[in-house]
Amino acid sequence: MNDSSQFADQVLVCKDCGDKFIWTVGEQQFFYDKGLQNVPKRCKPCAEKFKSQLREKHPMQWIKCKKCKKKAEVPFEPKSEDILCEDCFNKEIAKRNEKIIEKGLKLPE
Ligand SMILES: [Zn+2]
Ligand SMILES: [Zn+2]
């Protein structure tokens, strides 16, 4: 279902601490806007912890964004020059989603 009005608060269980947490409509909307598909697996404190652990394991690398030519840090080893900074990447995703939404709104004849 691609309609954002279908969202409702969801109770999820954190896979790290086993606590229940609420995935709010606002957060779901945020996910949707970013084009993310996966339901969060961790509560907020655990997600923060997980992120910082990930950051320790994967030191930030400097890249040069293909689009805005700005230098940016990414938490992975760039495989090619064909790389976007987080801002441009998010914009690309948003643009792509807009197109999908546009298409989705067109009713078949
Ligand atoms: Zn947790
Ligand atoms: Zn950029």
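Residues numbered from 1 in each chain as written. Chains lettered and ligands numbered in written order. Predicted model: local features only at pLDDT ≥ 70, side-chain atom pairs only at ≥ 80, totals over all residues.

A.B. asks: How do you make sense of the overall build of the protein when you look at a structure like this?
C.D. replies: Broken down by element type, the protein carries 3 helices and 4 strands. Along the protein, helices and strands appear, N-terminal first, in the series β-β-α-α-β-β-α. Over its C-alpha trace the protein gives a radius of gyration of 17 Å, far above what one expects of a compact globule, namely 13 Å for 109 residues. Taken along the three principal axes of its C-alpha coordinates, the protein extends 45 × 40 × 20 Å. Sequence separation of 24 or more characterises 29% of the internal contacts of the protein that already satisfy a separation of 6 or more. (Helix = DSSP H or I, 4+ residues; strand = E, 2+ residues; numbered from the N terminus. Rg over C-alpha atoms; globule rule 2.2 N^0.38 Å. Contact = placed C-beta atoms within 7 Å.)

A.B. asks: Honestly, the environment of Asp-87 in this entry has me stumped. Any pointers?
C.D. replies: Positionally, Asp-87 belongs in helix α3 (residues 86-105). The class for Asp-87 is partly exposed, based on 13 C-beta atoms found within 10 Å. Note: C-alpha distance between Asp-87 and Cys-65 (22 residues apart in sequence) is 9.6 Å. (Buried ≥ 20, exposed ≤ 12 C-beta atoms within 10 Å, placed from the backbone.)

A.B. asks: Would you mind going over the pairing of strand β1 (residues 10-13) with me for this structure?
C.D. replies: Of the pairings in the sheet, the one linking β1 to strand β2 (residues 20-23) comprises 4 bridges and is antiparallel in character. The partner of Val-11 across the bridge, within β2, is Ile-22. (Pairing = 2+ DSSP bridges.)

A.B. asks: Explain unusual backbone geometry here, please?
C.D. replies: Across the chain, the bulk of peptide bonds are trans and the bulk of non-glycine residues have phi less than zero. Positive phi, close to 65°, is recorded for Lys-69, a residue that is not glycine. Within the element layout of this structure, Lys-69 appears in the loop between β3 (61-64) and β4 (71-74). Look at Lys-69 and you get exposed, because 8 C-beta atoms sit within 10 Å.

A.B. asks: Before we go on, may I ask you to explain the environment of Pro-59 in this structure?
C.D. replies: For Pro-59, the location among the structural elements is in the loop between α2 (44-57) and β3. Since 10 C-beta atoms lie within 10 Å of it, Pro-59 is described here as exposed. For the pair Pro-59 and Val-74, spaced 15 residues apart in the sequence, the C-alpha separation amounts to 8.5 Å.

A.B. asks: Before we go on, may I ask you to explain the domain arrangement of the protein in this structure?
C.D. replies: As far as domains go, the protein holds domain 1 (1-57) and domain 2 (58-109). Counting from both sides, the interface comprises 7 residues of domain 1 and, opposite them, 9 residues of domain 2. By residue number, the principal contributor to the side of domain 1 that touches domain 2 is α2, which donates 3 residues. (Domains from an automatic or database assignment.)

A.B. asks: Looking at this structure, I do not really get the environment of Cys-14. What am I missing?
C.D. replies: By the element assignment, Cys-14 lies in the loop between β1 and β2. Taking the C-alpha atoms as reference points, Cys-14 and Lys-57, separated by 43 residues in sequence, lie 22 Å from one another. Once residues lying within four places of it in the same chain are set aside, the contact partners of Cys-14 are Asp-19, Phe-21, Arg-42, Cys-43 and Cys-46.

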